Amino acid sequence: MKRLKAWLGVDQRRPVLLAVFALLGLCVLAFFNHLGSLGLMDKTEGLFVEVPRQMLESGDWVTPRWNGDTFFDYPVWGYWMVGLSFRLFGISEWAARLPGALAATATVLAAFGLVLQLAPPTEALQHRLGRATLAGSVLALSPAWVGWGRSSVTDMFLASAITLALFGFVLAYQAVDQPGLRRWGHGGMALFAGIAVLAKGPVGLLLPGLVIGGFLLLKGQLWSELRRTPLLPMAALFLGVAAPWYALATQANGMEFLGRFLGFSNLERFTSVLYSHPGPPWFYLPWVLILLLPWSLFLPVAVARLGFWRLDRWRQPPAPDDLSLFALVWLVVVVGFFSAAATKLPGYILPAVPAGALLVALVFQPLPSSAEAKPLGLGVRVTGWLNAGLLGLMALASALLPRLLDADPAYPGFADAVSRSGLPSLLAAILLLAAIGLVVVLLQPGGLRRLWLPNLVAFAAVLALVVPALAPLLDRERLLPIRELARTAGVQALPDEPLLVVGYRRYSVVHYSGRPVLFVDNPRKLRKRLAARPAGSTVLLFGSDRELLEFGLGPGDGLLLARRDAHRLVRLPIEQLRRLGQRP
C-alpha cells in the first residue's frame with residue numbers, strides 16, 4: 001500500500017488515471033459482462049435490431065423498414081449505431097447491444113469528469129477523485145442504467161444524449177471566467193441535443209430546454225444567461241446534426257413520414273394511449289424507486305437537505321449547491337413531463353436516472369461550501385436502517401424463491417432450472433452480507449458517509465457472480481426455444497408461405513426467421529388478409545401450446561414441423577385456417 005501511495009504521489013495524473021480505469025472496470029462489469037449471452041428480448045429489442053439489419057442489407061440508411069413496411073415510430077440514431085456495429089463486427093446479439101453499452105459507459109465517465117471539474121482546485125485531490133468516482137459509480141450501478149445499458153432499444157441513446165447535453169450546460173454555466181470551457185459546454189449542449197433529436201424526436205430538444213429554462217428561471221438568471229450564450233452558432237451545430245436526416249426522410253417519403261412520425265409517434269403518444277400502455281398520473285413514482293434502487297431510498301433525504309423551498313437558496317451566483325439544485329429540477333421535469341403524457345412506459349423516465357444518481361452521490365460526498373456539506377443526521381441514519389431492512393427482506397425472498405416460483409406451462413423447465421442452479425441462494429447470501437455490512441457501518445462513529453459502500457459492493461458482486469450464470473440460464477430456458485423455432489421457420493417456409501405468430505407479439509421472430517410475420521390472436525381477424533390465398537396453399541403457425549389451443553388448434557391439428565418445449569411450429573392448410581375464422 002505504501003508503494004502504491006508513493007507511486008501515485010509522483011504525478012497527479014496517476015490517481016486520475018487510476019480512478020478512470022476503476023470506473024471503466026465497473027462499466028465492463030455492468031454493461032459488457034456476458035452482453036451477448038442472451039438472445040433478443042421480446043418484444044421491443046427484436047424490433048430495434050431488425051430495422052438496422054434491414055438497413056445494412058438494403059443499403060438504404062434513410063428510411064427505416066421493419067416486417068415488410070416502413071417504420072417511422074422512431075428516428076434513426078439508434079438504428080445507425082447498431083447498423084454500424086453490425087458492419088464492423090457482424091450481426092449478433094453482442095454487436096446489437098454494444099452501442100448502448102458504450103453510450104451508458106460514456107455517460108458514466110462524463111459524470112465523473114463533470115463532478116471532478118466542478119470541485120474547487122484548492123480541495124485535496126483524493127477528495128475530488130473520491131466524489132467524482134462515487135458519482136460515476138452510483139450511476140453505473142443503478143438498475144435502470146444497467147438494464148438499458150445492456151439493451152439495443154432507443155431509450156439509452158436518448159437518455160445518454162440528453163444527459164450529456166445537460167452536462168454541457170452545467171459546464172458552461174459554472175465556467176463563468178473560463179471562456180474555453182464555456183465554448184466546450186455550449187458545443188456539447190448543441191451536439192448532444194441534436195443527437196437526442198435524432199434518437200427519439202422533438203423530445204430530445206424539449207426536455208433539455210425545459211430543464212435548463214426551469215433552472216434559470218428559479219435562479220432569476222434566464223435572460224442574463226441567454227445574452228451570454230452563443231445561440232446562433234449553437235443553433236447551426238444543432239441543425240447540422242439533426243436536420244439532414246429529417247430533410248432526407250421527408251424527401252424520400254413525403255407526408256407519410258411527417259404524418260406518422262410527428263403526428264402518430266409524437267403527438268398521439270403524448271395525448272392518447274398507444275399500444276395499450278396507460279397509467280395514472282402517479283405511475284412513475286414507484287418506478288423512480290425501482291429504477292434507482294437502493295440509491296433511491298436516499299432521494300428524500302437528498303432533496304430535503306437542499307432546502308429548495310427557500311428562494312434565497314436559488315438566488316445566488318453560481319455556487320457548489322447549483323449542481324444538486326440543477327439535478328433536482330432535472331429529475332422533477334423529466335418525471336413530471338412523462339407523467340402528463342397519456343402513454344406510459346418505465347423506460348421513458350430513463351433520462352431522469354443520472355439526476356437521481358448525482359443527488360444521492362452528493363449526499364455522501366458533497367461539494368465544499370455547499371448546504372449538503374453539513375453533518376449527516378437522523379434522516380440519513382433512518383434511511384440507512386431502512387436500506388438494511390430492505391436488503392434483508394430481499395435476501396429472504398431470494399432464499400425462498402425456489403418455493404415461490406411457479407412452473408410456467410410455456411417454459412416448463414425454467415423454475416426447476418433456477419432452483420437447481422443455486423443462484424437464489426447465492427443472491428440471498430450477497431444481499432444478506434450487504435445488509436450486515438450496512439448495520440456495521442451504521443453502528444460505527446462517523447459511518448453515515450460510508451453507507452454507500454455496502455450497496456455498491458453488493459451490486460458489483462451480483463454483476464460479477466450472478467449475471468454470468470443467470471444470463472445463459474435465461475437464454476437456454478426461455479429464449480433459445482423461440483430462436484430455434486424462428487430459424488426453423490425461415491428454413492422450412494415455402495416460397496410466399498405466410499408465417500403467423502399467435503398470441504404474444506414475439507418481434508424477434510422477424511429477425512431470426514428473416515421473413516415478414518403476421519401477428520395474430522384471433523383467426524377471424526385473418527379473413528381479409530388471407531382472402532387472396534389460393535386453395536391448396538398453406539400457412540405456418542408459431543406459438544405456445546396454450547396460445548395455439550386458444551386460437552383453435554388442438555395438438556393433432558396441422559403438420560408439426562418442430563417443437564421446442566411447449567412451443568410448436570405447425571403447417572396448416574389455408575382451408576382449415578379459414579374454417580377457424582368462421583367459428584362464432
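Notes on the structure follow. These numbers were taken from a predicted model, which means no experiment stands behind them.

## Side note on helix H16 (residues 322–340)
Item 1. Here H16 spans 27 Å end to end across 19 residues, near enough to the 27 Å set by a 1.5 Å rise per residue.
Item 2. Within H16, 16 of the 19 residues are buried, leaving the element largely enclosed by the surrounding structure.

## Things to note about the side chain of Glu497
Item 1. Checked against the element boundaries, Glu497 lands in the loop between helix H21 (452–492) and strand S3 (499–502).
Item 2. Within the structure, the side chain of Glu497 is placed 2.5 Å from the side chain of Thr538, a separation counted as a polar contact.
Item 3. Those residues within four positions of Glu497 in sequence are excluded, and the remaining contacts are Gln492, Arg515, Arg533, Thr538, Val539, Leu540 and Arg571.

## Re the pattern of salt bridges
Item 1. Tallied over the full model, the rule gives 18 salt bridges.
Item 2. Two residues, Glu50 and Arg53, come together in a salt bridge whose shortest N-O distance is 2.7 Å. Of the two residues, Glu50 and Arg53 both sit in helix H3 (residues 44–58), 3 residues apart, roughly one turn of that helix.
Item 3. Where Glu484 meets Arg564, a salt bridge forms, and the shortest distance between an N and an O atom there is 2.8 Å.

## Here's the deal with the packing of aromatic side chains
Item 1. One pass over the full model with this rule turns up 23 aromatic pairs.
Item 2. With a centroid separation of 5.9 Å and 80° between ring planes, the pair formed by Phe167 and Trp330 is classed as edge-to-face. With a gap of 163 residues between them, Phe167 in helix H8 (residues 155–174) and Trp330 in helix H16 connect regions that are remote in the sequence. The pair formed by Phe167 and Trp330 is uniform in burial state, with each residue classed as buried.
Item 3. Measuring from ring centre to ring centre gives 5.1 Å for Phe298 and Phe364, while their planes differ by 70°; the resulting arrangement is edge-to-face. You can see Phe298 sitting in the loop between helix H14 (284–291) and helix H15 (299–306) and its partner Phe364 sitting in helix H17 (residues 353–364), a full 66 residues away along the chain.
Item 4. Among the residues examined, Phe298 registers a relative accessible area of 1% and is labelled buried.
Item 5. What makes Phe364 buried here is its relative accessible area of 1%.
Item 6. What links up through ring pairs into an aromatic cluster is the set Phe48, Trp66, Phe71, Tyr74, Tyr79, Tyr507 and Phe519.
Item 7. The residue whose ring lies beneath Arg483 is Tyr512, and the NZ or CZ to ring-centre distance is 5.9 Å.

## Description of empty space enclosed by the protein
Item 1. Under the counting rule described, the total for this entry stands at 2 cavities of 30 Å³ or more.
Item 2. The calculated volume of the largest cavity comes to roughly 40 Å³.
Item 3. Lining the largest cavity are Val288, Leu291, Leu292, Leu331, Ile349, Ala352 and Val353.
Item 4. Partitioned by chemical class, the residues of the lining of the largest cavity number 7 nonpolar, no polar and no charged.
Item 5. Here the second largest cavity defines a volume of roughly 30 Å³.
Item 6. In terms of lining residues, the second largest cavity is bounded by Phe169, Val170, Tyr173, Gln174, Phe215, Asp322, Leu323 and Phe326.
Item 7. Of all the elements in the fold, those that place two or more residues in the lining of the second largest cavity are H8 and H16.

## Some points on a nonpolar patch on the surface
Item 1. On the surface, a nonpolar cluster with roughly 410 Å² of combined accessible area is contributed by Leu84, Leu88, Phe89 and Trp94.
Item 2. The element that contributes the greatest number of residues to the nonpolar patch is helix H4 (residues 77–89), accounting for 3 residues.
Item 3. Summarising the element assignment, Phe89 is placed in helix H4.
Item 4. Since its relative accessible area comes to 47%, Phe89 is described here as partly exposed.

## What about the sheet that holds strand S7 (residues 567–573)?
Item 1. Here 5 strands make up an open sheet; going across it, the order is S4-S3-S5-S7-S6 and the pairing mixed. Across the chains shown, the open sheet's two edge strands, defined by having one partner strand only, are strand S4 (518–520) and strand S6 (559–564). The sheet shows a mean angle of 25° between the axes of neighbouring strands, taken without regard to direction.
Item 2. Of the pairings in the sheet, the one linking S3 to S4 comprises 3 bridges and is parallel in character.

Criteria and thresholds
Residues numbered from 1 in each chain as written. Predicted model: local features only at pLDDT ≥ 70, side-chain atom pairs only at ≥ 80, totals over all residues. Heavy atoms only, no water. Helix = DSSP H or I, 4+ residues; strand = E, 2+ residues; numbered from the N terminus. Expected span 1.5 Å × (residues − 1). Buried < 20%, exposed > 50% of the residue type's maximum accessible area, 1.4 Å probe, protein only. Polar contact = N/O pair within 3.5 Å; in protein donor to acceptor, adjacent residues only side chain to side chain. Contact = heavy atoms within 4.5 Å. Salt bridge = Lys/Arg side-chain N within 4 Å of Asp/Glu carboxyl O. Phe/Tyr/Trp six-rings, centres within 6.5 Å; stacked < 30°, edge-to-face > 60°. Lys NZ or Arg CZ within 6 Å of the ring centre and 35° of its normal. 1 Å grid on protein atoms, 1.4 Å probe; cavity = no way out; pocket = protein on both sides within 12 Å on 5 of 7 lines; lining within 4 Å. Points joined across faces, edges and corners; volume = space filled by probe spheres on them. Nonpolar A, V, L, I, M, F, W, Y, C, P; charged D, E, K, R; others polar. Patch = residues over 30% accessible without salt bridge, like charges linked within 9 Å, V, L, I, M, F, W, Y side chains within 5 Å. Areas by Shrake-Rupley, 256 points an atom, 1.4 Å probe, with all protein chains shown as cover. Pairing = 2+ DSSP bridges. Axes fitted to C-alpha atoms, helices over the stretch in contact; angles between N-to-C directions.

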